[in-house]
Amino acid sequence: MPNTPSAPHTTPSHTSEGYHRALNKRQIQMISIGGAIGTGLFLGAGGLLQAVGPSLALVYLVCGVFCFLMLRALGELVMYRPTSGSFVSYTLEFLGPKASYIAGAMSFFNWAMTGIVDITAVALYMHFWGTFAHMPQWVFAMMALLLITGMNLIGVKWFGEMEFWFSLIKIVALVLFLVIGSAILGLRMPIDHHETGLNLITQHGGLFPHGVLPALALTQGVIFAYSGIEMIGTAAGECQDVRSILPAAINNVMWRIAIFYVGTVTLLVLLLPWSAYQAGTSPFVTFFSHLGISGVDSIMNIVVLTAALSSLNSGLYSTGRVLRALALNGSAPRYLTHMSKQSVPSAAILTTVGIYLIGVFLNYLLPAQIFEIVLNLASLGIISTWCFILLSQIKLRQAIKAGRIAPTGFAMPGAPFTSWATILFFCSVIVLMAFDYPTGSFSVACIPILAIILFIGWKIFSHKPLPLVPPTQFSITLTDDLPDTPDSVNKLD
């Protein structure tokens, strides 16, 4: 029996990495929406409004434009070659193994931190109800983690279906808020003895009640709110007809950003004084609780609880695929390549869950501070991930211009100027984080520590790509006889 696995092979129902092509158009569309609406808006916006006031809507608008450009860059890469390895695979091809290793490691760091944010959000939402007020925060964090882990292990089709309904609940809730809020604003109905309208801005310090610098310094919180929109690139690798579905899904993100972020935040500050919102409480729950209608705030709290579970669900999905892509590139432990019978990267998912357990412990140790601390750390990973996507797209466009690669038919508008401008903007966000003392300043100070950890990781692993076994029953049978060497990939069963 030869010691070399067969060459990669793609079947109609599987990708070359061994994943099922089980996500349909309906699920991909909702994943693209759900990725753009998460914990950052439903929970994080409360603290940001308290910190910077009405100017938050402008920050969302500016950040949203650059995030959409990043997504268009990713779209061009996906149309060139769909893969569940997403940007890790593209970075390897266009920027080399070192860049791919850093991109994957920072993405894992991002989603590991984001997962901790999400399980913390779930615990905070549960404490809204007095019945659970005395239960430790870490208990709810653990319950959320166990639920979402089960969802991700049973198969991508079920993940897609659950994410579809999670996303639908979020969309319906936001539309309901926009309709009710717009009606109240249009009729000039007072809320909690406050008149609604522009006077809530002019009479409470104006657009920048604390000055311009605080608004700029908190852009990393807005960046975190947009984290997850790149997940559509990972999901595209398990999509049934990516070339017809992806362009529309990506282009629709722009108006979703305009309505669900900029429009929502604007409406929030026109309905209640910005000082009414606070960190640790969803601004939507705050708004509905001020209406005085019994039970409405509880219903909205259920919705934002769903949003946190959705974000945790999609984050675990993405991290599992990215971590396995790193392992296939030889930049992570070999056991992470293992696939379950459901074609799910179970080893990578369970390893990520192990990191999330640290978050459960932090909820026990620092229940009051954990959300803001981890949010800032996650922003570092988000920004680095997006910058690698843009750099890969720049290299792709250079190859297209040189005639080495055929045009994708979904070119990023204004590239390469818009690509470099977006990278410059994201780098400036990191600089601004340093002025957000103490959390942002400490996060930036962690960059040298992260660099040292990355350097050590680079020296430990071989970075030699592992050959893939074709996802057929015959090849799976063959792997039963393969010796356990670094030259053979882990069994798919």
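Residues numbered from 1 in each chain as written. Predicted model: local features only at pLDDT ≥ 70, side-chain atom pairs only at ≥ 80, totals over all residues. Heavy atoms only, no water.

As recorded in an unreviewed UniProt entry, the protein chain goes by Amino acid permease and comes from Acetobacter pomorum.

> Looking at this structure, I do not really get the packing of helix 14 (residues 296–328) against helix 15 (residues 346–365). What am I missing?
Between two packed helices, what matters for the description is the angle formed by their axes and the separation of those axes. With their axes 8 Å apart at the nearest point, helix 14 and helix 15 run at an angle of 120° to one another. With respect to each other, helix 14 and helix 15 are oriented oblique. Here the hand of the crossing between helix 14 and helix 15 comes out right-handed. Of the residues in helix 15, those touching helix 14 at Leu-312, Gly-315, Leu-316, Thr-319, Gly-320, Arg-321, Leu-323 and Arg-324 are Ala-348, Ile-349, Thr-351, Thr-352, Val-353 and Tyr-356. Among the residues forming the contact of helix 14 with helix 15, the class breakdown is 7 nonpolar, 5 polar and 2 charged. (Axes fitted to C-alpha atoms, helices over the stretch in contact; angles between N-to-C directions. Helix = DSSP H or I, 4+ residues; strand = E, 2+ residues; numbered from the N terminus. Parallel < 35°, antiparallel > 145°, perpendicular 65-115°, else oblique. Left-handed = near helix turned anticlockwise from the far one by under 90°. Contact = heavy atoms within 4.5 Å. Nonpolar A, V, L, I, M, F, W, Y, C, P; charged D, E, K, R; others polar.)

> I tried to follow the packing of helix 3 (residues 56–80) against helix 12 (residues 242–271) on my own but got confused; where do I start?
As a packed pair, helix 3 and helix 12 sit with axes 9 Å apart at the nearest point and diverge in direction by 175°. When the axis of helix 3 is compared with that of helix 12, the two are roughly antiparallel. Partitioning the contact of helix 3 with helix 12 into residue classes produces 20 nonpolar, 4 polar and 2 charged.

> Teacher, can you tell me more about the environment of Pro-82 here?
Considering the arrangement of structural elements, one finds Pro-82 in the loop between helix 3 and helix 4 (86–95). For the pair Pro-82 and Val-242, spaced 160 residues apart in sequence, the C-alpha separation works out to 7.5 Å.

> Sorry, what's going on with the environment of Pro-190 here?
By the secondary structure assignment, Pro-190 is in the loop between helix 7 (156–186) and helix 8 (199–202). For the pair Pro-190 and Leu-272, spaced 82 residues apart in the sequence, the C-alpha separation amounts to 9.3 Å.

> Explain the pattern of salt bridges to me, please; I cannot follow it from the model alone.
Once the charged atoms of two side chains with opposite charge are near each other, the side chains can pair. For the coordinates displayed, the defined rule picks out 2 salt bridges. Across the salt bridge formed by Arg-397 and Glu-76, the nearest N and O atoms sit 3.1 Å from each other. Taken as a pair, Arg-397 in helix 16 (residues 370–401) and Glu-76 in helix 3 lie far apart in primary sequence, 321 residues in all. We classify Glu-76 as buried; its relative accessible area is 1%. With a shortest N-O distance of 2.8 Å, Arg-81 and Glu-93 are connected by a salt bridge. Of this pair, Arg-81 sits in the loop between helix 3 and helix 4 while Glu-93 sits in helix 4; the two residues are 12 residues apart in sequence, bridging distant segments of the chain. Judged by its relative accessible area of 26%, Arg-81 is partly exposed. Overall, Glu-93 belongs to the partly exposed group, its relative accessible area being 37%. (Salt bridge = Lys/Arg side-chain N within 4 Å of Asp/Glu carboxyl O. Buried < 20%, exposed > 50% of the residue type's maximum accessible area, 1.4 Å probe, protein only.)

> Even after reading the chapter, I still don't get the packing of aromatic side chains, so can you show me in this structure?
How two aromatic rings sit relative to each other is given by the distance of their centres and the angle of their planes. Per the counting criterion, the structure on display carries 16 aromatic pairs. Geometrically, the ring pair formed by Tyr-60 and Tyr-261 is tilted, given 5.3 Å between the ring centres and 45° between the ring planes. Separated by 201 residues along the polypeptide, Tyr-60 in helix 3 and Tyr-261 in helix 12 bring together distant segments of the chain. With respect to class, Tyr-60 is no different from Tyr-261; both count as buried. Among the aromatic residues, ring-to-ring pairing joins Phe-66, Trp-386, Phe-425 and Phe-426 into one connected group. (Phe/Tyr/Trp six-rings, centres within 6.5 Å; stacked < 30°, edge-to-face > 60°.)

> Before we go on, may I ask you to explain the environment of Leu-268 in this structure?
Position of Leu-268 among the secondary structure elements: in helix 12. Sequence spacing of Leu-268 and Phe-284 is 16 residues, and the spatial spacing of their C-alpha atoms is 8.1 Å.

> It is not clear to me how unusual backbone geometry should be interpreted in this structure. Could you clarify?
Geometrically, the link from Ala-415 to Pro-416 is a cis peptide bond, its omega value of 5° lying close to zero. Following the sequence through the fold, Pro-416 ends up in the loop between helix 16 and helix 17 (417–433). The phi torsion at Arg-188 lies on the positive side, around 55°, for a residue other than glycine. Among the structural elements, Arg-188 can be located in the loop between helix 7 and helix 8.

> Help me understand the confidence of the model for the protein chain in this model?
Interpreting fine coordinate detail is not advised for predicted regions of low pLDDT. Across the protein chain, pLDDT averages 79, with 83% of residues at or above 70. When pLDDT is averaged over each element of the protein chain, helix 17 comes out on top at 93 and helix 20 (residues 473–479) at the bottom at 33. Segment residues 1–12: pLDDT under 50, and 32 contacts once partners within four positions in sequence are set aside and those in other chains are kept. pLDDT under 50 marks residues 469–493. Its contacts with residues more than four places away, or in other chains, come to 60 contacts. (pLDDT = per-residue confidence, 0-100.)

> Even after reading the chapter, I still don't get helix 15, so can you show me in this structure?
Residues separated by three or four positions in an α-helix point in the same direction, a consequence of the helix having 3.6 residues per turn. An ideal rise of 1.5 Å per residue puts 28 Å on 20 residues; helix 15 measures up with 29 Å between its terminal C-alpha atoms. The complete set of buried residues in helix 15 reads Ser-346, Ala-347, Ala-348, Ile-349, Thr-352, Val-353, Tyr-356, Gly-359, Val-360 and Asn-363. (Expected span 1.5 Å × (residues − 1).)

> What is the right way to read the nonpolar core from this model?
As a rule of thumb, soluble globular proteins bury nonpolar side chains together. Membership of the largest hydrophobic core comes to 141 residues, with the highest contact counts inside it found for Phe-42, Tyr-60, Phe-177, Ile-223, Tyr-226, Trp-386 and Phe-426. Take this core: its biggest share by element is 17 residues, from helix 5 (residues 97–126). Non-local contacts of Phe-42, meaning those with residues more than four positions away in its chain, are made with Ile-37, Tyr-125, Lys-170, Leu-174, Ser-282, Pro-283, Phe-284, Met-300, Val-303, Val-304 and Ala-307. (Core = buried A, V, L, I, M, F, W, Y, C linked by side-chain atoms within 4.5 Å.)

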